[in-house]
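# Examining the three-dimensional arrangement
One letter stands for each residue in the lines below.
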Amino acid sequence: MDAELEREFDRVVGAEQRIEPRDWMPDGYRKTLIRQIAQHAHSEIIGMQPEANWISRAPSLRRKAILLAKVQDEAGHGLYLYAATETLGADREDLTRKLVEGRQKYSSIFNYPTLNFADVGVIGWLVDGAAIVNQVPLCRTSYGPYARAMIRICKEESFHQRQGYELLMTMMRGTEAQRRMVQDAVDRWWWPSLMMFGPPDAESSNTAQSMAWRIKRHTNDELRQKFVDMTVPQADALGVTLPDPELRWNADRGHHDFGEIDWTEFWQVVGGNGPCSRQRIEHRRAAHDDGAWVREAAAAYAHRQTDREAIA
Ligand code: BYC
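To start, this report covers the structure provided alongside it. Note that the coordinates shown come from a computational prediction; the quantities given were computed from them, not determined experimentally. (Residues numbered from 1 in each chain as written. Predicted model: local features only at pLDDT ≥ 70, side-chain atom pairs only at ≥ 80, totals over all residues. Heavy atoms only, no water.)

Here we take up the site of the ligand. Within the structure, the ligand sits among 31 residues, and Lys105, Ser108, Ser204, Lys216 and Asn220 are positioned closest to it. Here an oxygen atom of the ligand and a side-chain polar atom of glutamine 39 are 2.9 Å apart. One nitrogen or oxygen atom from the main chain of serine 205 is found 3.1 Å from an oxygen atom belonging to the ligand. Burial of the ligand by the protein amounts to 92% of the accessible area it has alone, namely 1000 Å². Placement of the ligand is best described as lying within the largest pocket. Looking at the shell around the ligand, the elements with two or more residues in it are helix H2 (27-46), helix H6 (118-135) and helix H11 (263-273). Looking at the shell around the ligand residue by residue, the class counts come to 12 nonpolar, 13 polar and six charged. (Near = heavy atom within 4 Å. Polar contact = N/O pair within 3.5 Å; in protein donor to acceptor, adjacent residues only side chain to side chain. Areas by Shrake-Rupley, 256 points an atom, 1.4 Å probe, with all protein chains shown as cover. 1 Å grid on protein atoms, 1.4 Å probe; cavity = no way out; pocket = protein on both sides within 12 Å on 5 of 7 lines; lining within 4 Å. Sits in = over half its atoms within 2 Å of the grid points. Helix = DSSP H or I, 4+ residues; strand = E, 2+ residues; numbered from the N terminus. Nonpolar A, V, L, I, M, F, W, Y, C, P; charged D, E, K, R; others polar.)

Along the polypeptide, alanine 235 turns up in helix H10 (residues 220-238). Under the relative-accessibility criterion, alanine 235 is labelled buried at 2%. Note: C-alpha distance between alanine 235 and tryptophan 125 (110 residues apart in sequence) is 9.8 Å. In contact with alanine 235, other than residues within four places in its own chain, are Trp125, Val240 and Leu242. (Buried < 20%, exposed > 50% of the residue type's maximum accessible area, 1.4 Å probe, protein only. Contact = heavy atoms within 4.5 Å.)

Here we come to the packing of H6 against H10. Here H6 crosses H10 at 145°, and the two axes come no closer than 10 Å. As H6 runs across H10, the sense of the crossing is right-handed. Between H6, through Trp125, Leu126, Gly129, Ala130, Val133 and Asn134, and H10, the contact on the second element is made entirely by Leu223, Lys226, Phe227, Met230, Thr231, Gln234, Ala235 and Leu238. Across the contact of H6 with H10, the residue classes break down as nine nonpolar, four polar and one charged. (Axes fitted to C-alpha atoms, helices over the stretch in contact; angles between N-to-C directions. Left-handed = near helix turned anticlockwise from the far one by under 90°.)

Each pocket or cavity is described by its volume, and for the largest pocket that value is around 1000 Å³. In terms of lining residues, the largest pocket is bounded by 44 residues, among which Gln39, Ser107, Met196, Phe197 and Gly198 are the most central. Sorting the residues of the lining of the largest pocket by element identifies H2, helix H4 (61-86), H6, helix H7 (144-172), H10 and H11 as the ones contributing at least two each. For the lining of the largest pocket, the element with the highest residue contribution is H6, accounting for seven residues. Taken as a whole, the second largest pocket spans an internal volume of roughly 400 Å³. Residue lining of the second largest pocket: 14 residues in total, with Leu79, Arg92, Arg284, His288 and Arg295 positioned closest to the centre. At the level of secondary structure, the elements contributing two or more residues to the lining of the second largest pocket comprise H4, helix H5 (92-100), helix H12 (277-290) and helix H13 (292-311). (Points joined across faces, edges and corners; volume = space filled by probe spheres on them.)

Below you can see the structure in the form of structure tokens.
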């Protein structure tokens, strides 16, 4: 029976159709999806913190409104993604517990500090830019609820990226001090942005299986290269220098060569020892504890509605 179900699963995946929540799926497929989607959801939620740091200090009402909308979008992305894990049988409360106890990961990028307002623009340009390169192929991932969530998320991410680039263009047209702020932010965020794509393919424990199941559609290195190639002309147009002396066009490969990423730093950050790792988790834990009364009130209200419906 299982062999027959597995054959049907393989056929659906191979035919570029979608696996849906009630379909049979291998345990490993379900586990991998819960792991990746939960990490993705956690990244969106933790990812609200670095930029939220600037909401109260945005330099104008317009910038504040844009930033508020962006951070709210990230909360929404987290919620779609948690909902996608629930279709696989995961429990949201359990996932949050695993996050705050350090038993589940989130993207390394959000463990770096946002030191000046240009960081908001650079996060939009580079971090959301990297997110788009990574996430557009996930609109074709084999699990239906994840693929559909990604379509909406990618539309919003592309707005995020444009707002970042527009902010940076404005600052680059400003004073010398503003241009220095932009360059400083680019210098600090460039390498961590390249790390977002994950370890090199040779060290990526999950890629081969995830590609076979068509959860991932490209390898980490393929997407990282695509991001570099896409970003170099954008940096030129902006008038900033990417902080890599080895970055240059390679006509034979038809791609840019770039310097070695500091993988020791990457694994340190992934292991919970990034510059802001403790602060991010502590903040998330406090927000979760502070929100307990809202969850209790919502649950009490839902119970009362069910009781009323039972009486009616
Ligand atoms: N940070 O075998 P690999 C956003 C872990 S949200 C931390 O290649 P995989 C945004 C990996 O989990 C951005 N950990 O893994 C939000 C694995 O450990 P486990 C988030 C990382 O899953 C707000 C181990 O290293 N995007 O853009 O095949 C504001 C070996 O790696 C990282 C997503 O989550 C990392 N950077 O590939 C603005 C997208 N990289 O789990 C923006 C969905 C790797 O075996 N996720 N690890 O213990 C993916 O596409 C894939 O999960 C990854 C990693 C490409 C990230």
